[in-house]
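Chain by chain, the residues run as shown.
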Amino acid sequence: MGTAGHVDMIFWDRHIRDVRHAPYDAVVVGSGFGGAVTARRFAEAGMRVLILERGPWWGEGAPADRTRAFPRGFTALPRLLRSVRDARRGPSRERWFRPDGLFEWHRFAALDVFTGSGVGGGSLVYTNILEAPPPVFWSHFPPEITPDVMVSAF
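Attention here is on the structure that accompanies the text. Please read these numbers as outputs of a predicted model, since none were measured by experiment.

On to helix α2 (residues 33–44). In an α-helix there are 3.6 residues to a turn, and that puts residues three or four apart on one side. Taking 1.5 Å per residue as the helical rise, α2 with its 12 residues ought to reach 16 Å, and the 17 Å between its terminal C-alpha atoms agrees with that figure. Inspection of α2 places G35, A39, A43 and E44 among the buried residues, and these make up the whole buried set. Down the axis, α2 shows its buried residues gathered within 165° of arc, on one side only. Trailing α2 by a residue or two, G46 shows a phi angle of about 90°, which is positive.

Charged atoms that come close allow side chains of opposite charge to pair. Under the criterion given, the structure shown has 7 salt bridges. The closest approach of N and O atoms between D86 and R93, which form a salt bridge, is 3.5 Å. Exposure remark for D86: the relative accessible area of 11% places this residue in the buried category. The partly exposed category is assigned to R93, whose relative accessible area is 44%. Linked by salt bridges that have partners in common, R40, R41 and E44 make up one network.

Moving on to the sheet that holds strand β6 (residues 81–86). With mixed pairing, the 4 strands of this open sheet are ordered in space as β7-β6-β8-β9. Where the open sheet ends on each side, the last strands, each with one partner, are β7 (93–96) and β9 (112–116). The average undirected angle you get between the axes of adjacent strands in this sheet is 15°. Looking at chain direction, β6 and strand β8 (residues 103–107) are connected through 5 bridges and run parallel. Its bridge partner being in β8, S83 is matched across the sheet by E104.

For the rest of this paragraph, the subject is the packing of aromatic side chains. Summed over the entire model, instances satisfying the criterion amount to 5 aromatic pairs. Ring geometry for F137 versus W138: centroids 4.9 Å apart, planes at 90°, classification edge-to-face. W138 sits in the buried class, given a relative accessible area of 10%. The ring of Y24 carries R48 above its face, with NZ or CZ at 5.0 Å from the centroid.

What follows concerns the pairing of β8. By the bridge criterion, 5 bridges tie β8 to β9 in an arrangement that is antiparallel. Residue pairing for β9: F103 is matched across the bridge by G116. Between the antiparallel neighbours β8 and β9 lie 4 residues.

Here the largest pocket is characterised by a volume of approximately 210 Å³. As for the largest pocket, its lining consists of 16 residues, of which G30, E53, R54, G116 and G121 are closest to the centre. Elements represented by at least two residues in the lining of the largest pocket include exactly β3 (48–53) and β9. Sort the elements by how many residues they give to the lining of the largest pocket and β9 lands first, with 3 residues. Residues that form the lining of the largest pocket fall into these classes: 5 nonpolar, 9 polar and 2 charged.

Rules of the game
- Each chain carries its own residue numbering, running from 1 in the direction its sequence is written.
- Residues qualify for local features only when their pLDDT is at least 70, as the model is predicted, and side-chain atom pairs are given and counted only at 80 or more; totals for whole chains, interfaces and linings, by contrast, use all residues.
- Each side-chain value is derived from all of the structure's non-hydrogen atoms; neither hydrogens nor water enter the calculation.
- To qualify as a helix, a DSSP run of H or I must reach at least 4 residues; to qualify as a strand, a run of E must reach at least 2; elements of each kind are numbered from the N terminus.
- The span expected for a helix works out to 1.5 Å for each residue beyond the first.
- The rule is simple: take the accessible area with a 1.4 Å probe, protein chains only, and divide by the maximum for that residue type; under 20% is buried, over 50% is exposed, in between is partly exposed.
- An arc is given here, and it is the one of the directions from the helix axis to the C-beta atoms.
- When a carboxyl oxygen of Asp or Glu is within 4 Å of a side-chain nitrogen of Lys or Arg, the pair counts as a salt bridge.
- For two strands to count as paired, DSSP must find a minimum of two bridges between them.
- Working convention: axes come from line fits to C-alpha atoms, limited for helices to the stretch in contact. Angles between N-to-C directions cover 0 to 180 degrees.
- Working definition: rings of Phe, Tyr and Trp (its six-membered ring) pair if their centres are within 6.5 Å, and the pair is stacked with planes under 30 degrees apart, edge-to-face with planes over 60 apart, and tilted otherwise.
- Our definition puts a charge over a ring when NZ of Lys or CZ of Arg is within 6 Å of the ring centre and also within 35 degrees of the ring normal.
- Buried and open spaces are told apart on a 1 Å grid over the protein atoms alone, a cavity being a set of points where a 1.4 Å probe fits but cannot get out and a pocket being an open set with protein on both sides within 12 Å along at least five of seven lines. Residues with an atom within 4 Å of a point are the lining residues.
- Grid points are joined across faces, edges and corners, and a volume is the space filled by probe spheres set on the points.
- Under the convention adopted here, Pro, Cys and the residues Ala, Val, Leu, Ile, Met, Phe, Trp and Tyr are nonpolar, Asp, Glu, Lys and Arg are charged, and Gly plus all remaining residues are polar.

Below is the structure:
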């Protein structure tokens, strides 16, 4: 590991103009699973890293003006939904509900995807739901990777 670098997080909605001429070695978009690890590795290599994040912090431990309490109960549902994008037929259409909502719902012809919007990205909505793929899925992997070998991962 190299000399420790530095990581700044800028929230897209507020301060993006403040960093136009800042001396960063890398810019990482999003703080989810991939973004957080990437930013850390760059910083461990001694780089100055900027993370761009568009969503709020959910829960505790963040600046008060950026933190949202997690809505609870049935009446909280409308406050959870940021937007719905429908691309099932024709051009994609998007409907916004709450700019600081947690979930985004992307609807495609054969797939619906719920994503998290906030510091932590998909890790905010990942709930250990991992469905086993059909056996034919594994035919595209090396022969050592079979449905029987992978069954314990699901």
